[in-house]
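The lines below spell out each chain.
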Amino acid sequence: MNCKRQKVYKGMKIGYIFIILLLLVACKPYGDYKERGHWRQLKENERIGFYWRHNDKIYAALGDSAVLVRYVEPMKDVDISTFYVNKTIDKESENYAKDKNHVYYPWHMIAVDADTFGYEYATELIVKGAFPSSFRYVGDGKGTDGYTMYRYGRREDK
């Protein structure tokens, strides 16, 4: 291949990449939704919504602290340094959390022995397919990463 053809080929390649990136940006149907609340890191022994931080572990559970530590497993594979919970007046938003790897919402919960020392814990938390870097809570139990809308942690199709 001669030098002139290489330059044309390289220019076409850059043009195709630019067009693909432009299409990806244009395909964010939920990109203009405004965020509600703010993302906050949990301090040691602090609880926001369904999430509690204890001994640098995050628990997705409600109940007495002593009971939770004894009977509930902490969340697995959570990056505690990037773990944030959305905090607003709207209590539903406080169930959305994220770290650098995942968006979380406790949509499958189990209640244990409510008559004595009852507690609840979540067994399924990861919001499948959501991009944590662009995820925001938009109100009414809904969150979006710009590409997909989620309501109470589940994908909501148009």
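Scroll up for the structure.
(A) Just the pattern of salt bridges, in detail. Summed over the entire model, instances satisfying the criterion amount to 6 salt bridges. The salt bridge involving Arg53 is made with Asp56; its shortest N-O contact spans 2.4 Å. Residue class for Arg53 comes out buried when judged on its relative accessible area of 17%. Taking the relative accessible area as the measure of exposure, Asp56 reaches 48% and is therefore partly exposed. The salt bridge partner of Lys142 is Glu156, with a shortest N-O separation of 3.6 Å. On the criterion of sequence distance, the pair formed by Lys142 in strand S10 (residues 142–144) and Glu156 in strand S12 (residues 154–156) is long-range, its members being 14 residues apart. Among the residues examined, Lys142 registers a relative accessible area of 22% and is labelled partly exposed.

(B) Layout of the side chain of Lys98. Examined against the element boundaries, Lys98 turns out to sit in strand S6 (residues 97–98). Among buried Asp, Glu, Lys and Arg side chains, Lys98 stands out as unpaired, with Glu35 the closest opposite charge at 5.5 Å. Within the local environment of Lys98, its side chain forms a polar contact with the backbone oxygen of Pro132, the two atoms lying 3.4 Å apart. A polar side-chain atom of Lys98 sits 2.9 Å from the main-chain carbonyl oxygen of Phe135. Apart from residues no more than four positions distant in its own chain, Lys98 is found in contact with Trp39, Thr82, Phe83, Tyr84, Val103, Tyr104, Pro132 and Phe135.

(C) Main features of the pairing of strand S5 (residues 84–87). Across 3 bridges, strand S1 (residues 38–40) lies against S5 in antiparallel orientation. Across the sheet, the residue bridging to His38 is Lys87, located in S5. Two strands pair when backbone bridges link them, and S5 and S6 are joined in this way by 2 bridges, in the antiparallel orientation. Bridged to Tyr84 within S6 is Lys98.

(D) The sheet that holds S10, seen in detail. Strand order across the open sheet formed by 4 strands is S9-S10-S11-S12, with antiparallel pairing between neighbours. Lying at the two open borders of the sheet, with one neighbouring strand each, are strand S9 (136–139) and S12. With strand direction ignored, the average angle separating the axes of adjacent strands in the sheet is 40 degrees. Taken together, the 3 bridges between S9 and S10 define a ladder with antiparallel strand orientation. Counted as the bridge partner of Arg136 is Thr144 from S10.

Parameters at a glance
Residues numbered from 1 in each chain as written. Predicted model: local features only at pLDDT ≥ 70, side-chain atom pairs only at ≥ 80, totals over all residues. Heavy atoms only, no water. Salt bridge = Lys/Arg side-chain N within 4 Å of Asp/Glu carboxyl O. Buried < 20%, exposed > 50% of the residue type's maximum accessible area, 1.4 Å probe, protein only. Helix = DSSP H or I, 4+ residues; strand = E, 2+ residues; numbered from the N terminus. Lys, Arg positive; Asp, Glu negative; His and termini not counted. Polar contact = N/O pair within 3.5 Å; in protein donor to acceptor, adjacent residues only side chain to side chain. Contact = heavy atoms within 4.5 Å. Pairing = 2+ DSSP bridges. Axes fitted to C-alpha atoms, helices over the stretch in contact; angles between N-to-C directions.

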